[in-house]
Amino acid sequence: MTATTVAQQGTPPTSPPPKPKSDPIDRILDVGIYIALGVLVIVFSIASPYFLTVGNLLNIGQAVAQTGILAAGVTIALIAGQLDISFGSVIAVTAVLVAVLTGAGLPAAVAVLGAVVAGLLVGILNGVLIVNLNISSIISTLAVGTAVTGAAYLLANGQVIPLPDPAAFSWVNVRVFGLPVPMLIAIAVYVAGWVLLAKTKLGAHIYAVGGNSSAALRAGIPVKRIYYTVLVISSSLAVLAGVIVLGRTGAGDPSYGAADMFTVLGAVLLSGIGLGGGTGSVQRTFVGVLIIGVLANGLVLLGVQSYYQQLVNGAVLVLAVVMEAIRRKRRSR
Amino acid sequence: MTIDRVPTGAPLLSVQGISKSFGHIQALTDVSFDIAPGEVLALLGDNGAGKSTLIKILSGLYANDTGEIRMRGIPQRFHSPADAKAAGIATVYQDLALVDTRDVAANLFLGREYTKGPFIDVKRNVAESRRVLEGLKLGHLPASGVAVGVMSGGQRQAVAVARTVVSGAELIIMDEPTAALGVSESAKVMDLAHELRDSGCAVIIISHNLQQVWDFADRFAVLHLGRLAGIRRRSETTVEEIVQLIVYGAGEA
């Protein structure tokens with residue numbers, strides 16, 4: 001038979017080694033967000049002389065810090081394949097709980113610890129529904145988020161609760177080396193997120209679980225533990241954002257976080273992460289956060305009415321989803 | 001130059017009198033065969049002949065009702081796929097179990113990454129991946145930077161096979177490896193099976209396409225209605241005889 005000869009030759013020498021390349025459209029979409037950010041910056045700096053001033057850039061930094069911290073958590077969970085939308089409720093419950101506990105005479109540190117425990121419980125509850133009861137993450141975190149928001153309103157008795165001693169949280173409004181503290185915290189979160197995802201074994205497993213959970217499981221990766229971990233990271237970052245809001249406003253308001261839903265999801269989806277899991281990075285989410293922040297800031301500078309801003313936010317979200325749909329269509333060959 | 005590669009040494013895997021039933025359906029009846037290191041065995045049979053059941057028993061997904069599995073002479077009891085893996089049996093399923101969004105190095109060392117403390121030792125993972133790929137004459141595949149999801153079906157199959165080498169498997173079972181591939185890609189997968197064989201592994205290829213495996217297997221094991229209809233060396237059989245075994249079983253052959 002000819003078989004033996006073929007076998008001995010090994011790989012046929014004639015065939016040129018086909019080098020797999022990433023999809024060109026994919027690469028265009030990959031750089032698209034950087035171009036979009038650049039275009040926005042250029043347009044706004046031409047349209048408003050105030051846009052590219054240090055003061056205004058710090059305003060943007062201050063404004064996006066909260067969105068950014070939340071978006072980092074959502075990104076990490078989404079890379080593992082879980083869409084966590086309970087962050088708004090965690091902000092509300094954090095602010096209200098700390099206000100109530102300090103109002104009852106507890107030291108600020110203890111009150112914050114209480115909020116951290118509450119945040120952990122939210123993350124774990126999300127995990128129980130998603131991992132153990134096998135309910136989709138968007139439904140689970142919507143349900144938990146709704147219930148937790150309700151709890152925040154009950155706890156606050158529907159009121160805005162002022163901090164008895166706002167000075168305990170005034171560090172939030174301090175500037176270090178000229179930079180607002182929330183901005184520094186956000187930067188630290190992003191550096192930590194980048195290290196976690198790009199450099200650690202846990203990060204590699206987060207990508208693996210999100211990319212193909214059954215393959216990860218068969219490779220001996222503790223899939224359930226990874227899900228719990230990302231959900232707890234996400235809710236913990238929401239607690240952090242809640243403390244920052246509390247410091248900035250000096251009061252616990254159960255309606256906090258409600259407005260963050262679309263800016264955060266918009267920023268995350270703009271990064272091109274997709275809802276499938278296994279892809280994305282906090283660096284790209286960071287660019288998404290900046291786009292949303294620059295857009296909001298620029299529109300204010302141009303004197304655009306806030307209703308239009310909401311319209312623009314919605315349009316950006318639609319754009320992000322459409323880009324993702326194009327990408328997914330091209331991937332499913 | 002006819003090479004009869006079936007070594008005369010001790011078998012790597014020895015299966016004796018395996019039976020398995022699901023309720024009153026007898027899926028396998030008294031199946032026995034051996035496979036030696038450095039051998040490619042094609043497991044053939046029509047749909048429902050028991051190929052999948054046999055493979056699932058060997059990879060630890062099902063427990064056999066009767067009979068014995070030995071690896072290097074040591075009796076094995078597989079309670080889970082992890083047990084089979086620990087005994088040196090790796091199965092490449094049709095779904096390949098790859099993380100499409102990650103590169104080759106991440107897939108080859110999935111769950112067994114080289115680390116420095118909590119950190120991934122990326123350099124080492126990539127270097128080891130290159131070594132494994134080159135050892136299998138797959139040096140043209142990029143070890144890092146390209147997601148396996150954008151690779152061709154044959155390349156993905158190759159990555160999945162290379163991973164079994166990383167896991168230290170001695171017996172590699174390939175479940176219909178060419179089912180979704182074209183002719184030239186199929187040939188490359190078969191070449192890969194030979195690379196594995198030449199490195200001393202034993203390979204079982206499951207197929208219902210005799211044409212594709214005819215040139216590449218050292219022996220053919222044919223299942224028919226849950227029984228082993230026959231085992232033939234390629235040098236001692238014909239396509240016609242194997243087809244006969246597949247279609248009619250041992251009785252008519």
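What counts as what
- Residue positions are given per chain, counted from 1 along the sequence in the order it is written.
- Chain labels run from A onward and ligand labels from 1 onward, assigned in the order the entries are written.
- Side-chain atom pairs in this predicted model are given and counted only at pLDDT of 80 or more, local residue features only at pLDDT of at least 70, and totals for whole chains, interfaces and linings cover all residues.
- Note that water and hydrogens are dropped before the side-chain values are worked out from all heavy atoms of the structure.
- Scored from 0 to 100, pLDDT records how confident the predictor is in each individual residue.
- The contact definition used throughout considers only heavy atoms, calling two residues in contact when any of these lie within 4.5 Å.
- Helix and strand labels come from DSSP, where a helix needs a run of H or I of at least four residues and a strand needs a run of E of at least two; each type is numbered from the N terminus.
- Whether a residue is buried, partly exposed or exposed follows from its accessible area with a 1.4 Å probe, protein chains only, as a fraction of its type maximum: under 20%, in between, or over 50%, in that order.
- Charged residues are defined here as Lys and Arg on the positive side and Asp and Glu on the negative side; His and the ends of the chain fall outside this count.
- One side-chain nitrogen of Lys or Arg within 4 Å of one carboxyl oxygen of Asp or Glu is enough to make a salt bridge.
- Two N or O atoms count as a polar contact when they lie within 3.5 Å, although within protein this holds only if one can serve as hydrogen donor and the other as acceptor, and sequence-adjacent residues are included solely when both atoms are side-chain atoms.
- In plain words, nonpolar cores are sets of buried Ala, Val, Leu, Ile, Met, Phe, Trp, Tyr and Cys residues tied together by side-chain atoms within 4.5 Å.
- The patch calculation keeps residues exceeding 30% relative accessible area without a salt bridge and links them within 9 Å when they carry like charges or within 5 Å when they are nonpolar (Val, Leu, Ile, Met, Phe, Trp, Tyr).
- Only the protein chains shown count as cover for residues, and the accessible areas themselves come from Shrake-Rupley with a 1.4 Å probe.
- Pairing between two strands is assigned when DSSP locates at least 2 bridges connecting them.

Residue and element names in this part refer to chain B. Averaged over all residues, the pLDDT of chain B equals 89, while 96% of them reach at least 70. Contacts for the low-pLDDT stretch residues 1-7, under 50 throughout, to residues beyond four places or in other chains number 16 contacts. This complex was scored by the predictor with a pTM of 0.86 and an ipTM of 0.83.

This part is about the side chain of Arg 234 of chain B. Residue and element names in this part refer to chain B. Inspection of the secondary structure puts Arg 234 in the loop between strand S12 (227-233) and helix H8 (239-248). Buried and unpaired, Arg 234 has no salt bridge, with Asp 218 as the nearest side chain of opposite charge at 5.4 Å. A distance of 2.8 Å separates a polar atom in the side chain of Arg 234 from the backbone oxygen of Ala 217.

The next point concerns the nonpolar core. Residue and element names in this part refer to chain A. Counting residues in each nonpolar core, the largest one holds 91 residues, and the members touching the most others are Ile 69 and Ile 206. Among the elements that take part in this core, helix H10 (residues 223-249) stands out by supplying 13 residues, more than any other. If we ignore the near neighbours within four places in the chain, the residues touching Ile 69 are Pro 182, Ile 185, Ala 186, Val 189, Tyr 190, Leu 237, Leu 240, Ala 241 and Ile 244.

Time to look at a nonpolar patch on the surface. All names here are of chain A. A cluster of nonpolar side chains, namely Leu 113, Val 116, Val 117, Leu 120, Leu 121, Ile 124, Leu 125, Val 128, Leu 133, Ile 135, Ile 138 and Ile 139, defines an oily patch on the protein surface of about 980 Å² accessible area. The set of elements that each furnish at least two residues to the nonpolar patch consists of helix H5 (108-132) and helix H6 (137-156). Of all the elements, H5 adds the most residues to the nonpolar patch, at 8 residues. Relative to the elements of secondary structure, Leu 113 occurs in helix H5.

Another point: the pairing of strand S1 (residues 13-22) of chain B. Residues and elements named next belong to chain B. Taking burial as the measure, the 10 residues of S1 include 7 buried ones, the bulk of the element. In terms of strand pairing, S1 meets strand S4 (residues 66-71) through 5 bridges, oriented antiparallel. Directly across from Leu 13, in S4, lies its bridge partner Met 71. Bridge count between S1 and strand S2 (residues 25-35): 7 bridges; the pairing is antiparallel. From the neighbouring strand, Ser 21 faces S2, where its bridge partner is Gln 26. Between S1 and S2, which pair antiparallel in sequence order, lie 2 residues; one of them, Gly 23, sits at a positive phi of approximately 60 degrees.

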